[in-house]
Amino acid sequence: MHGIKTLDRSCCQDAPSHRFDLEESVMIHPQTAHPTHGRRNAGRTGLLVLAVLTAMAFGSACSSKKAPAKAPNAADKAAKGNDKAAKEAPKAKGPWKKKVPIEIDKDFARRARNKVKVPMASPRKALERPRTPKELPTTPFDLMVRTLRGQVNTSFSALERAPKSVAAHAFHGAKLLSLAKLEGDLSEIDKASRIATDGLKLQPKSPQLLALRIEANFSLHRWDTVAKDLAQLKAIKADHDMIAPMEAELAWNRGDIKTAAAMFSKIARDAPSMGSVARLAGALQTFGKLKEADQGFARAETLYTNSSPVPLAWLYVQRGLLRLHSGRFKDARVFYQAAHERAPGYPMATEHLAEIEFLLGNTDRALELYKAVIKQTDNPEFHVAIAGVYDSLGKKKEAAEHMERAKARNLELMKKFPEAMSGHGADFFLEDGQDASIALKLLSDAAKSRPNPESFQALAEAQLANDKLKEAQETIDKALNSPLSIAEIYWTGARVAKAKGDQAKTEELKKKALALNPKISVLEGDL
């Protein structure tokens, strides 16, 4: 049976662009339209490990001025009130600790539904709820996308007129990559990388073009190419502030977690922005520091000063994921809904709202959202997800049709982009009725190129599915012995221990997983 996945592979996380100011960048899944659905490794579409923070520059597609406030909607009306009514939570540890109190309003969802007034927050206060459009206005999503498409077309024309211009290559590649990431189009991401390569033939030491190619190849999981280009950036003494976040992300993906975490902390402390503080919050989440992570995400929102809706929607998805993986499904929905309202054509927001609606039993709404995002992206993982919804309704024919489409798309994309699709394709082949041996090969290759704890956890699942118990134990031990404290790692460890007949270890790891997420079996399946 097809389950629902709520997490995508942490390696597929995005964050601030290294080409533009952090506040103007869009944090989007390198394959934004490729979150992981199914039973295993649920939820990694945005789970912050945020581990490939490379993103777009939507801010430049919009005016840097604040968009005019819209007429207040129901949520805006619910948010009217007195700032004095808000309570403050204990200060969090981190670069935000002495700057911003956290407003507690845990009943916001209930109050909003009942149209009860809640406090209106000042921009300086970090909230345990999403800000309403009245509190933080942003440009309409459709307008932003039209502007970006226009920039892509204009920059393409400029490049055609001046094919020997390094600046034209950099500008068109950047705009194309921004749009490609929003739409989850791997072919266009690859095209942006090739545009950067063409420009580097004209000027091999261009920091802008090297950074552009790094960003694209982060999204495509071409770690060796990323490492070579980073070395070149360092050799030409490019700006340290541009290099440092990329080095940290590469270290994370290569399994040097402690070094990467220290770098994230230093970057957030030295240059606090929405992107840097959110990235550190994501790392804290993977260390099991959920309270500090939540307060970090809340703090990050107060640092956003641009007008693009997408970075804000991205942040709300991350805050929703934190709640989802704490077993707070209804609270997660509040943030997913806010993300979708800010950016209704943003695949990450749409698919996460769809999955939470399904988890909460709202199947009609889930189907509506999945149909929309499938039409937009034809993402194979979304086909698997909607198949799960149809399967739950007893509509076997529709479920089978979507599974067939998912298989065809996975095979197509795996052939073109093997590095990027190794994890995502593997999830499909771990589904019931598919070929788990294909998943084992894919995840073995992925763990070699990206030897970090989450890769090991995914590989252990595949080894277990292929009855390779000894190998599964060796692999999951690598993840369990890492600094990360993630419920999915403990859950897989408990599965391996159960398969070995070690009841004491099974219970120990199960207890750790449930302490982080009491509803993990809903996302990952029973042991």
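All of these numbers come straight from a predicted model, not from anything done at the bench. (Residues numbered from 1 in each chain as written. Predicted model: local features only at pLDDT ≥ 70, side-chain atom pairs only at ≥ 80, totals over all residues. Heavy atoms only, no water.)

Draft legend 1. The arrangement of the overall build of the chain in detail. Scanning the chain from terminus to terminus reveals 24 helices and three strands. The contacts in the chain between residues at least 6 apart in sequence include a share of 69% that link residues at least 24 apart. Here the chain has roughly 20200 Å² of accessible surface; of this, 52% comes from carbon and sulfur atoms. (Helix = DSSP H or I, 4+ residues; strand = E, 2+ residues; numbered from the N terminus. Contact = heavy atoms within 4.5 Å. Areas by Shrake-Rupley, 256 points an atom, 1.4 Å probe, with all protein chains shown as cover.)

Draft legend 2. Region of interest: the side chain of Gln-463. Structurally, Gln-463 can be placed in helix 20 (residues 453-465). With a relative accessible area of 8%, Gln-463 lands in the buried category. A polar contact is formed between the side chain of Gln-463 and the backbone nitrogen of Ala-472, at a distance of 3.4 Å. Ignoring any residue separated from it by four or fewer positions in sequence, one finds Gln-463 in contact with Leu-440, Lys-468, Glu-471, Ala-472 and Thr-475. (Buried < 20%, exposed > 50% of the residue type's maximum accessible area, 1.4 Å probe, protein only. Polar contact = N/O pair within 3.5 Å; in protein donor to acceptor, adjacent residues only side chain to side chain.)

Draft legend 3. Structural context of the environment of Lys-468. Tracing the sequence through the fold places Lys-468 in the loop between helix 20 and helix 21 (469-480). Accessibility expressed as a relative area gives 34% for Lys-468, which makes it partly exposed. If we ignore the near neighbours within four places in the chain, the residues touching Lys-468 are Leu-440 and Gln-463.

Draft legend 4. Structural detail: the nonpolar core. Judged by nonpolar contacts, the single largest core of 125 residues is most densely connected at Leu-233, Leu-324 and Tyr-346. Per-element tally for this core: the top contributor is helix 12 (residues 309-324), with ten residues. (Core = buried A, V, L, I, M, F, W, Y, C linked by side-chain atoms within 4.5 Å.)

Draft legend 5. Up close: the packing of aromatic side chains. Taken as a whole and assessed by the stated rule, the structure comprises five aromatic pairs. Judged by centre distance (5.8 Å) and plane angle (45°), the ring pair of Trp-252 and Phe-264 falls under tilted. Pair noted here: Trp-252 is in helix 8 (residues 240-253) and Phe-264 is in helix 9 (residues 257-270), with a separation of twelve residues, a long-range link. Relative accessible area serves as the criterion here: at 0%, Trp-252 is assigned to the buried category. Residue class for Phe-264 comes out buried when judged on its relative accessible area of 4%. Among the aromatic residues, those joined into a ring-pair cluster are Trp-252, Phe-264 and Phe-287. Note that Lys-478 overlies the ring of Phe-456, its terminal NZ or CZ placed 5.2 Å from the centroid. Geometry around Phe-329 places Lys-519 over its ring, the cationic atom sitting 4.7 Å from the centre. (Phe/Tyr/Trp six-rings, centres within 6.5 Å; stacked < 30°, edge-to-face > 60°. Lys NZ or Arg CZ within 6 Å of the ring centre and 35° of its normal.)

Draft legend 6. Layout of the environment of Ser-157. Along the chain, Ser-157 turns up in helix 3 (residues 141-161). By relative accessible area, Ser-157 is classed as partly exposed at 29%. On a C-alpha basis, the gap between Ser-157 and Ala-168 in space is 9.4 Å, while along the polypeptide they are eleven residues apart.

Draft legend 7. Geometry of helix 7 (residues 223-235). Given a rise of 1.5 Å per residue, 13 residues ought to cover 18 Å, and the 18 Å separating the end C-alpha atoms of helix 7 matches this to within 8%. For helix 7, the full list of buried residues reads Trp-223, Val-226, Asp-229, Leu-230 and Leu-233. The arc that holds every buried residue of helix 7, seen down its axis, measures 125°, which confines them to one face. Turned more than 90 degrees away from the buried face of helix 7 sit Asp-224, Lys-228 and Ala-235, all of them exposed. The elements touched by buried residues of helix 7 are helix 6 (207-219), helix 8 and helix 19 (436-449). Backbone geometry just downstream of helix 7 places Lys-237 in the positive-phi region, at approximately 60°. (Expected span 1.5 Å × (residues − 1). Arc of directions from axis to C-beta.)

Draft legend 8. How the structure looks around the packing of helix 15 (residues 363-377) against helix 16 (residues 380-392). Where helix 15 meets helix 16, the closest approach of the two axes is 10 Å, and the angle between their N-to-C directions is 155°. With respect to helix 16, the axis of helix 15 lies roughly antiparallel. Of the two elements, helix 15 crosses helix 16, and the hand of that crossing is left-handed. Taken together, the residues of helix 16 that come into contact with helix 15 (itself represented by Thr-363, Leu-367, Tyr-370, Lys-371, Val-373, Ile-374 and Thr-377) are Phe-382, His-383, Ala-385, Ile-386, Val-389 and Tyr-390. For the contact of helix 15 with helix 16, the residue count by class is nine nonpolar, three polar and one charged. (Axes fitted to C-alpha atoms, helices over the stretch in contact; angles between N-to-C directions. Parallel < 35°, antiparallel > 145°, perpendicular 65-115°, else oblique. Left-handed = near helix turned anticlockwise from the far one by under 90°. Nonpolar A, V, L, I, M, F, W, Y, C, P; charged D, E, K, R; others polar.)

Draft legend 9. Spatial organisation of unusual backbone geometry. Even without glycine at this site, Asp-378 takes up a positive phi of about 55°. As for its placement among the helices and strands, Asp-378 is situated in the loop between helix 15 and helix 16.

Draft legend 10. Inspection of the pattern of salt bridges at higher detail. Within this structure, the stated rule accounts for 27 salt bridges. Where Glu-249 meets Arg-279, a salt bridge forms, and the shortest distance between an N and an O atom there is 2.7 Å. Placement of the pair is Glu-249 in helix 8 and Arg-279 in helix 10 (residues 274-286), with a sequence separation of 30 residues. In this structure, Arg-495 and Glu-461 form a salt bridge, with 2.6 Å as the shortest nitrogen-oxygen distance. Here Glu-461 lies in helix 20 and Arg-495 lies in helix 22 (residues 487-500), a separation of 34 residues in the sequence. Taken individually, Arg-495 and Glu-461 each receive the classification buried, so the pair is uniform in this respect. Taken together, the salt bridges that share partners define one network made up of Arg-131, Asp-294, Glu-301, Arg-319 and Arg-323. (Salt bridge = Lys/Arg side-chain N within 4 Å of Asp/Glu carboxyl O.)

Draft legend 11. A look at the confidence of the model for the chain. Of the residues in the chain, 77% have a pLDDT of 70 or more, and the chain-wide mean is 83. Predicted confidence is poor over residues 3-93, with pLDDT under 50, and the contacts of this stretch with residues over four places away or in other chains come to 402 contacts. (pLDDT = per-residue confidence, 0-100.)

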